[in-house]
Amino acid sequence: MSKIKSIADLIKKREEISGRGGSVAELNDPGYIRVKVAMATCGLASGAKPVMEFFQEQLGRRNIHGIVTQTGCMGYCYAEPTIEVSLPGRDPVVFGYVDLKRADIIIEKYIKTGELVDGIIPVNYETIDTQKQEEPA
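A. Molecular detail of the environment of T82. By secondary structure assignment, the location of T82 is in the loop between β2 (66–71) and β3 (83–86). Classification of T82 as buried rests on a relative accessible area of 0%. Taking C-alpha positions, T82 is 6.2 Å from V37, a pair spaced 45 residues apart along the chain.

Right under this line is the structure:
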């Protein structure tokens, strides 16, 4: 990966990325697949960087319209590297212990066909949207 040393390099990199996945507005389109890789200290120490690079390379190579981003700690330090995959119209799914082999399985089975695979970390919290709202008396 080349280093960005000037504004011209930054513009060139943006055009390169835009050529792969479209404009920033298109990347915010809910029709895109999103892969978030936890890249906090524990994730990096467990091998998250090669996993992220694998997803970036393979989604493009396999003609899958998606975006791969890094995020901070997701709170699953025991299961690093962890990733969150959001398929259009579905709730996000978090996978733990993701190495390159498991990343390939996630792409082939979950991302391409929607088939659930081993390594899912269950959601152990409720968001405001999912909590039952009590009506005032």
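B. Region of the structure containing the packing of aromatic side chains. The tally for this structure, following the rule as stated, stands at three aromatic pairs. Note on F54 and F55: the rings are 6.4 Å apart at their centroids and 85 degrees apart in plane angle, and the pair reads as edge-to-face. According to the relative accessible area criterion, F54 is buried, its value standing at 17%. Between F95 and Y110, the aromatic rings sit 5.5 Å apart at their centres with planes inclined by 65 degrees, giving edge-to-face as the arrangement. With F95 in strand β4 (residues 93–95) and Y110 in helix α5 (residues 100–113), this residue pair connects regions lying 15 residues apart in the sequence. Relative accessible area serves as the criterion here: at 0%, F95 is assigned to the buried category. With relative accessibility at 1%, the residue Y110 sits in the buried group.

C. Molecular detail of the sheet that holds strand β5 (residues 120–121). Reading across from one edge, β2-β1-β3-β4-β5 is the order of the five strands in this open sheet, with mixed pairing throughout. In the strand order of this sheet, the two ends are held by β2 and β5, each with one partner. Looking at chain direction, β3 and β4 are connected through three bridges and run antiparallel. Looking at β4, one finds that V85 is bridged to V93. Against the sheet, α5 engages β1 (33–38), β3 and β4, with an angle of about 30 degrees to β3.

D. Geometry of the nonpolar core. Within the largest apolar cluster, 24 residues are counted, with the highest numbers of intra-cluster contacts made by V35, F55, I83, V85, F95, I106 and I111. For this core, the elements supplying multiple residues, two or more each, are β1, α4 (48–61), β3, β4 and α5. Of the residues forming this core, the biggest block, six residues, is contributed by α4. Once residues lying within four places of it in the same chain are set aside, the contact partners of I111 are I33, V35, F55, L59, I64, V85, L87 and I106.

E. Looking closely at α5. Helix length check: α5, at 14 residues, gives a terminal C-alpha distance of 19 Å against a target of 20 Å (1.5 Å per residue), a fit within 8%. At I106, α5 shows its strongest bend, of approximately 30 degrees. When we look at burial in α5, the residues that qualify are A103, I106, I107, Y110 and I111. Backbone nitrogen of K101 and a side-chain oxygen of the N-cap are separated by 3.3 Å at the start of α5; the cap is D99. A positive backbone phi angle near 80 degrees is found at G114, which sits one or two residues after α5.

Calculation notes
Residues numbered from 1 in each chain as written. Predicted model: local features only at pLDDT ≥ 70, side-chain atom pairs only at ≥ 80, totals over all residues. Heavy atoms only, no water. Helix = DSSP H or I, 4+ residues; strand = E, 2+ residues; numbered from the N terminus. Buried < 20%, exposed > 50% of the residue type's maximum accessible area, 1.4 Å probe, protein only. Phe/Tyr/Trp six-rings, centres within 6.5 Å; stacked < 30°, edge-to-face > 60°. Pairing = 2+ DSSP bridges. Contact = heavy atoms within 4.5 Å. Axes fitted to C-alpha atoms, helices over the stretch in contact; angles between N-to-C directions. Core = buried A, V, L, I, M, F, W, Y, C linked by side-chain atoms within 4.5 Å. Expected span 1.5 Å × (residues − 1). Bend = angle between axes of the 7 residues up to and from the residue. Polar contact = N/O pair within 3.5 Å; in protein donor to acceptor, adjacent residues only side chain to side chain.

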